[in-house]
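Architecture at a glance
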Amino acid sequence: MSAERRLKSSERPPTARVFFALWPPAEAAAQLADVANGLAAQWGGRPTRAETIHLTLAFLGEVAVAELPALCALARGISGRSFAIRLGHFGYWPKNQLLWAGCAAVPDELVDLQSRLQAALGGKGYRTRPPGQGFTPHVSLVRKMRCAPNEGRISELPMPDKLLWPCQHFVLVSSVLTPEGPNYRILEAFPLSA
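First, a word on what this report is: a plain description of the structure on this page.

1. Points about the side chain of H54
In this structure, H54 sits in the loop between strand 2 (46–47) and strand 3 (55–64). Here the side chain of H54 touches T52 through a polar contact of 2.8 Å, landing on its backbone oxygen. Polar contacts involving the side chain of H54 include one to the side chain of T56, which spans 3.1 Å. With residues up to four places along the chain from it excluded, the contact list for H54 reads F19, A21, L22, W23, P24, H138, V139, W165 and Y184.

Rendered as structure tokens:
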């Protein structure tokens, strides 16, 4: 690498890979991790660790660290009501080799929160998903599945009956990718009203 290229690289501001998400309470995360481990044992792949289970509201990617306070201020200005998620079905995306859990019925409050967040971010020039791509609330359970289950098998998978995820806040998360999977750090939590 030439000295000029190294200099330009060092002049770039530091960045962080960030996203907004719903973060489950420990009990719900543990239940979902158990489900993920069971599915990975059955079909292969890498189960999501309990400490990394979440539902993404808006993925921003690499953002200058200097912008993080402004993102937190933007999120503090978003009003939303608390709600609960009941995960009731599974889905599989073959392109990503990803098995996920989705809502039995998507709460209106979740749709409203995600729409408000998306609009606020878009108003500041952030692009959080490709144009025309809708919001599919989901929790990633198993990545890189070696053996894709067919649709009939997916619809028969059991979900714990008592799995209820109360959502009383959303969070801004920093993500660091490692060979073992991502490591997440919550930068700030933003409360939802009762």
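There's more to say after this.
2. Focus on the environment of L187
Looking at the secondary structure, you find L187 in strand 9 (residues 181–191). Linking L187 and P69, residues 118 residues apart in sequence, is a C-alpha distance of 9.9 Å. Every residue in contact with L187, bar those within four places of it in the chain, is listed here: V18, L68, L172, V173 and S174.

3. Some points on the pairing of strand 1 (residues 15–22)
Within strand 1, 6 of the 8 residues are buried, leaving the element largely enclosed by the surrounding structure. As judged from the 8 bridges shared by strand 1 and strand 3, these two strands associate in the antiparallel manner. Within strand 3, the residue paired with A21 across the bridge is T56. Bridge count between strand 1 and strand 8 (residues 169–178): 5 bridges; the pairing is antiparallel. When the bridges of strand 8 are listed, A21 appears paired with V171.

4. Some details on the sheet that holds strand 7 (residues 164–167)
Reading across the sheet, the 5 strands line up as 2-6-5-4-7 and stay open at both edges, with antiparallel pairing between neighbours. A strand with exactly one partner marks an edge of an open sheet, and here the two such strands are strand 2 and strand 7. As defined by bridge partners, strand 4 (residues 83–93) adjoins strand 7 across 4 bridges and the pair is classed as antiparallel. Looking across to strand 7, one finds that I85 is bridged to W165.

5. Concerning helix 4 (residues 108–123)
Between its terminal C-alpha atoms helix 4 stretches 22 Å, which fits the 22 Å expected from 16 residues at 1.5 Å a residue. Those residues of helix 4 that sit buried are L110, L113, Q114, L117, Q118 and L121. Along the long axis of helix 4, the arc covered by the buried residues comes to 130°, so they all point the same way. The exposed set on the far side of helix 4, more than 90 degrees from its buried face, consists of D108, A119 and G123. Phi for G125, located one or two positions after helix 4, is positive at around 90°.

6. Notes on the nonpolar core
By size, the foremost hydrophobic cluster in this structure holds 48 residues, and its most contacted members are F20, L22, L71, I85, L87, L141 and F170. By residue number, the principal contributor to this core is helix 2 (residues 26–43), which donates 7 residues. Not counting the four nearest positions on each side in its chain, F170 is found in contact with F20, A21, L22, L57, A75, I78, L113, L117, E188, A189, F190 and L192. Residues A21, W23, V171 and V173 belong to the second largest nonpolar core, which totals 5 residues.

What counts as what
Residues numbered from 1 in each chain as written. Predicted model: local features only at pLDDT ≥ 70, side-chain atom pairs only at ≥ 80, totals over all residues. Heavy atoms only, no water. Helix = DSSP H or I, 4+ residues; strand = E, 2+ residues; numbered from the N terminus. Polar contact = N/O pair within 3.5 Å; in protein donor to acceptor, adjacent residues only side chain to side chain. Contact = heavy atoms within 4.5 Å. Buried < 20%, exposed > 50% of the residue type's maximum accessible area, 1.4 Å probe, protein only. Pairing = 2+ DSSP bridges. Expected span 1.5 Å × (residues − 1). Arc of directions from axis to C-beta. Core = buried A, V, L, I, M, F, W, Y, C linked by side-chain atoms within 4.5 Å.

Function cannot be read off these values alone, since they describe shape.
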